[in-house]
Structure formats: C-alpha cells, structure tokens
Amino acid sequence: MSQDLKEAALEYHAKPRPGKLSVEITKPTQTSRDLSLAYSPGVAEPVREIAKDPENAYKYTGKGNLVAVITDGTAILGLGNLGPLASKPVMEGKGVLFKRFAGIDVFDIEVNSESPQAFIETVERIADTFGGINLEDIKAPECFEIERALIEKCNVPVFHDDQHGTAIVTAAGMINALELQGKKIEDATVVCLGAGAAAIACMKLLISCGMRSENIFMLDRKGVIHSGRDDLNQYKAMFANDTDKRTLDDAIDGADVFVGLSGPDLLSADQLKKMAPNPVVFACSNPDPEISPAVALAARDDLIMATGRSDYPNQVNNVLGFPFIFRGALDVRATAINEEMKVAAVNAIRELAKEPVPQEICAAYNVDSLEFGKEYIIPKPMDVRLLDVVPAAVARAAVDSGVARLPYPAHYPLKSMDDII
Ligand SMILES: NC(=O)C1=CN([C@@H]2O[C@H](COP(=O)(O)OP(=O)(O)OC[C@H]3O[C@@H](n4cnc5c(N)ncnc54)[C@H](OP(=O)(O)O)[C@@H]3O)[C@@H](O)[C@H]2O)C=CC1
Ligand SMILES: CC(=O)C(=O)O
Ligand SMILES: [Mg+2]
C-alpha cells in the first residue's frame, strides 16, 4: 500500500468522528408522550408480549433486521492473529457493507475469549438478540467447530463469512473465468495456496460445482497436503492428494488455476510463468494478494487475474455475498443458510456478470463501459442489481428447501434500497 493511501486510511477512520458506524433512532422521540411510549411506561407492553411469545421480538424490536458480526480476532484478513480489539475496524467495515448494500443493521462484537468453547458460550448467550450471526475472521481449524456448535445451539442463522461468503463469490467468479478461458471445471487442475477457513470452504464448494478433488493441490505453510503427511487435521486431511508433488514450485507446474487464500507475495512471477496457457489466478489474500496484478500481468498476458481488493478489476471478495445473502435469509426468517441457498447465490452472482451493465454503475467505477470478459468476470459491489437478484434467489431457495419461516416476500424482487421493509 502506498504511503498516501495508508495516511488517507488512518485519516478516514479517525475524522471527523472516530470509526465508521453509529446507532440511529427509528421512532419519534420529541415529546413526553413519545417518551412514555418508547420508554416507561409504554415499553412494558412489548416486554409482556415478547415474554408471552418470543416471536413477538420480530414484531416489536429491531431483531429481524439486526445481524451480529462476531469475531475473536484470530485471523484478521491476512494479517493474522492480532486479537479482538485490533479487528474492530474490519468488523465495523463489515457493518458498513451490510448497511450500505442491503440495509441491514449490525452490532460488531469482538470477543476476548480464552478458548473456542468460551467463544461458543459467549455467542450462544447473546444470539437471541439478533436475526442472524455472521462469524468473521476466526482462524482454522477452530472456526469449523465453532460454526458447527453455534448452528446447533442458536435459533437464528449462523454463517461464517470467510468460509461460505468467500466460497460463494469464488465459485461464481471461477465458473465465469474458466468459461472465458475455454476450460472445463471438471478438467481444471488447481493449486490452492492456504488450507484454512476460506481455502477449505472454497475448494469444497468448487467440488460441488464440478471440480475434481484429485485435481486440487492444496498447500499450507509446510507445502502440499498429501496422503503421506501425518500432521494434518481432519479438515486438511479431506484434501490430502495422493501425489509426489511437495512444494508450490512442483504444484504450480502446468496448473490451470491458482487460488490464493493465504498471505502476501507468496507466488512469484517465475512460478506464474510455469502455469498452463490461459490460466486463472485468484490472489485473494487481503490486503496484499499472493501476487500483485502488476507483477502478474507483466509476467504473462494470457491470464485472468482477480484479487480481493477494491482497487483492481475483478474483485473476488465476500462483500458480493454476505449483505445480499443475509437480506434474503432475514426476509424469509430462514432458520439456516443451507447449501441450496449458497448455490442459488453462486448462480445469481455469476449470471449477473453476463448482463449489460447500466451506465450509472460504470460511472461509479469511472469507466466508460463494463462487459463480461477477462477484466469483468464478476459484478461490482456497487451494482444495485445485486440487491435485486441475490436476495430473491436466496429467499426462493430457502422457501423451496423448507428452512423459511415466512413465505417468499410479496415485495420482492428489491429494485432499490427504498424497497427494503
Ligand atoms: N477475498 C476474500 O473475500 C477473502 C479473502 N480471505 C483471505 O484469505 C486468507 C486466509 O484467511 P482465512 O482462511 O480466514 O485464515 P486461516 O487462518 O483460517 O487460514 C490461513 C491459511 O493460510 C495458510 N498460510 C499462511 N501463510 C502461508 C504461507 N506462507 N504458505 C502457505 N500457506 C500459508 C495457513 O497455513 P497453516 O495451516 O499451515 O497455518 C492457513 O492454512 C487471508 O489472507 C484473507 O484475507 C479470506 C476470506 C475472504
Ligand atoms: C474479505 C475478508 O473477509 C477477509 O479477507 O478476511
Ligand atoms: Mg474475513
């Protein structure tokens, strides 16, 4: 990151008021009558109604449009385990995106927990306050058990964004990129650098989209995950490949696809040059990708390149997923965000990239036009049509797969933020 951008980022967060989120009042509070409705004595009435039937919390409080973004700060972007307080700018940032793109209110909660069990107990105890739980930046392998336990214990949908949000957006971008490069997903050989939350979920979803597990070479800090290793946790072991490849150098030779979900500057130009013709490179580590687009495009010009960042073409980032997926899930009061809903989101996102792009979206990105192709494989986050297609697809899938507690919303599809109820 340039010195200018670093300074601007600190200034942005500090001024004129520290942070990026605040709480707003949604009802009149001007008169003593207003206060006697909002507070004592009037507030006693919704209290009694909720005590009689917990469902009334959706009728009388903000629960139905409120998501908790919760972390323990153990895997903050690609910066590592810097603790819960340091993660707060990212969690506030997720809150900004939920609100800006899908009108969802967020409390960011950074938990100082000494163990996964303590974290699980903390979240379980506060979960009923919210309409949904978005787990964020919790490292593998602990994140898998944390999510499993919380899905079981909580009455509202629990979704680990780094796993499923990332996987949905990666799958959408990958299907489009492979199509553009003239490659079939079932034939593509893939190097996945990283074997954590995001990497494991991305590879699982790609396999359910047709990729072959024997064609995937996953690497952690110790190299290729292969069947001869005896140091693999159960999640990595699912990707143990029966191969004699041991290093990134070995694995990248002739590969069609590179997916980076690990850390900065781990793929060299020389390694990139060893990939098959017309490769797909998703260097998705934030804030610094596994290889910078400038280095990659200088090394070869036949690739499709994506990063997780907002300042390059092809932003493969879970921001395209979580706001819209939760919008759809909340609006049908889904009890879970299941596989059917995830696949519906993949298809909605990838199909949108093939639609003509309205001029106002191009203007937001300061370009004359955007057209499905090597530099536009996936929609832009500012594309308001995401709010139209993704919540509708997710809500429909929730209804059809039996996890919705409300019917498909009469006010769908959402054409703008003003349509959100
Ligand atoms: N673009 C997007 O939307 C998203 C991007 N990401 C990015 O993915 C990365 C991982 O996040 P997440 O999965 O949540 O974190 P985790 O802590 O769960 O996983 C990190 C993984 O990266 C591996 N890794 C780290 N350094 C190296 C290295 N030098 N060589 C090989 N492997 C390495 C770790 O290996 P080991 O197991 O050996 O420790 C681990 O498997 C981050 O950079 C994050 O920003 C994450 C979510 C969304
Ligand atoms: C984008 C995101 O969630 C991450 O890098 O962790
Ligand atoms: Mg994250």
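Procedures and definitions
- Residues numbered from 1 in each chain as written.
- Chains lettered and ligands numbered in written order.
- Predicted model: local features only at pLDDT ≥ 70, side-chain atom pairs only at ≥ 80, totals over all residues.
- Heavy atoms only, no water.
- Helix = DSSP H or I, 4+ residues; strand = E, 2+ residues; numbered from the N terminus.
- Rg over C-alpha atoms; globule rule 2.2 N^0.38 Å.
- Buried < 20%, exposed > 50% of the residue type's maximum accessible area, 1.4 Å probe, protein only.
- Contact = heavy atoms within 4.5 Å.
- 1 Å grid on protein atoms, 1.4 Å probe; cavity = no way out; pocket = protein on both sides within 12 Å on 5 of 7 lines; lining within 4 Å.
- Points joined across faces, edges and corners; volume = space filled by probe spheres on them.
- Nonpolar A, V, L, I, M, F, W, Y, C, P; charged D, E, K, R; others polar.
- Near = heavy atom within 4 Å.
- Polar contact = N/O pair within 3.5 Å; in protein donor to acceptor, adjacent residues only side chain to side chain.
- Areas by Shrake-Rupley, 256 points an atom, 1.4 Å probe, with all protein chains shown as cover.
- Salt bridge = Lys/Arg side-chain N within 4 Å of Asp/Glu carboxyl O.
- pLDDT = per-residue confidence, 0-100.
- Lys, Arg positive; Asp, Glu negative; His and termini not counted.
- UniProt positions renumbered as here; feature names shortened; annotations may be inferred.

Let's shift gears to the overall build of the protein. A tally of helices and strands in the protein yields 17 helices and 10 strands. By the compact-globule yardstick of 22 Å for 421 residues, the protein fits well, its C-alpha radius of gyration being 22 Å. Across the 421 residues that make up the protein, the buried fraction comes to 51%. Of the contacts made within the protein by residues no fewer than 6 positions apart, 68% connect residues no fewer than 24 positions apart.

Here the focus is the layout of surface pockets. If a probe as big as a water molecule is rolled over the atoms, it shows which places are left empty. The calculated volume of the second largest pocket comes to roughly 1200 Å³. Taken together, 29 residues line the second largest pocket, and the ones lying closest to its centre are Glu24, Ile25, Thr26, Thr61 and Gly62. Ranked by residues supplied to the lining of the second largest pocket, first place goes to strand 2 (residues 105-110) with four residues. Its residues placed into classes, the lining of the second largest pocket shows 13 nonpolar, eight polar and eight charged.

Lining the immediate surroundings of ligand 2 are Leu77, Lys94, Glu136, Asp137, Asp162, Asn286, Asn317 and Asn318. At 3.1 Å from an oxygen atom of ligand 2 is found a side-chain nitrogen or oxygen belonging to Asp137. Summarising the interface, the protein chains cover 87% of the accessible area of ligand 2, which totals 210 Å² for the free molecule. Among the residues forming the shell around ligand 2, the class breakdown is one nonpolar, three polar and four charged.

Another point: the pattern of salt bridges. On inspection of all chains with the given rule, the structure shows 29 salt bridges. In this structure, the salt-bridge partner of Lys52 is Glu49, at a minimum N-O distance of 3.0 Å. Here the residue Lys52 and the residue Glu49 both occupy positions in helix 3 (residues 44-52), the gap between them amounting to three residues, near one helical turn. Judged by relative accessible area, which is 63%, Lys52 ranks as exposed. Between Arg309 and Asp311 there is a salt bridge, with its nearest N and O atoms 2.7 Å apart. When its relative accessible area of 14% is taken as the criterion, Arg309 is described as buried. Exposure remark for Asp311: the relative accessible area of 42% places this residue in the partly exposed category.

To continue, consider the confidence of the model for the protein. Looking at the protein as a whole, the pLDDT averages 98, with 100% of positions reaching at least 70. Taken together, the chains of this predicted complex give a pTM of 0.98 and an interface ipTM of 0.99.

Its location among the elements puts Asp34 in helix 2 (residues 32-38). For the buried Asp34, which has no salt bridge, the nearest side chain bearing the opposite charge is Arg33, at an N-O separation of 6.3 Å. Excluding anything up to four places from it in sequence, Asp34 contacts Pro28 and Thr29.

Right, let's talk about the UniProt feature "binding site: a divalent metal cation" (unreviewed entry) in the protein for a bit. Cross-referencing UniProt, the feature "binding site: a divalent metal cation" (unreviewed entry) maps to Glu136, Asp137 and Asp162 in the present numbering. In summary, the annotated positions, though distributed over 27 residues, converge in three dimensions, the widest C-alpha pair being only 6.5 Å. Here Glu136 lies in the loop between strand 3 (132-135) and helix 7 (142-153). A relative accessible area of 1% places Glu136 in the buried class. Setting aside residues no more than four positions away along its own chain, Glu136 makes contact with Val69, Ile70, Thr71, Met91, Lys94, His160, Asp161, Asp162 and Asn318. Mapping Asp137 onto the fold places it in the loop between strand 3 and helix 7. For Asp137, a relative accessible area of 2% puts it in the buried group. Leaving out residues up to four positions away in the same chain, Asp137 has contacts with Thr71, Asp72, Gly73, Thr74, Ala75, Ile76, Leu77, Val90, Met91, His160 and Asp162.

Moving on: the UniProt feature "binding site: (S)-malate" (unreviewed entry) in the protein. Residues given the UniProt feature "binding site: (S)-malate" (unreviewed entry) here are Asn286 and Asn317. For the annotated residues, spread through 32 residues, the largest C-alpha to C-alpha distance comes to 9.3 Å, consistent with a single compact locus. Secondary-structure assignment places Asn286 in the loop between strand 9 (280-283) and helix 13 (293-299). Look past the residues within four positions of Asn286 in its chain and what remains in contact with it is Leu77, Gly78, Leu79, Gly308, Arg309 and Asn317. For Asn317, the position within the fold is in the loop between strand 10 (304-307) and helix 14 (322-331).

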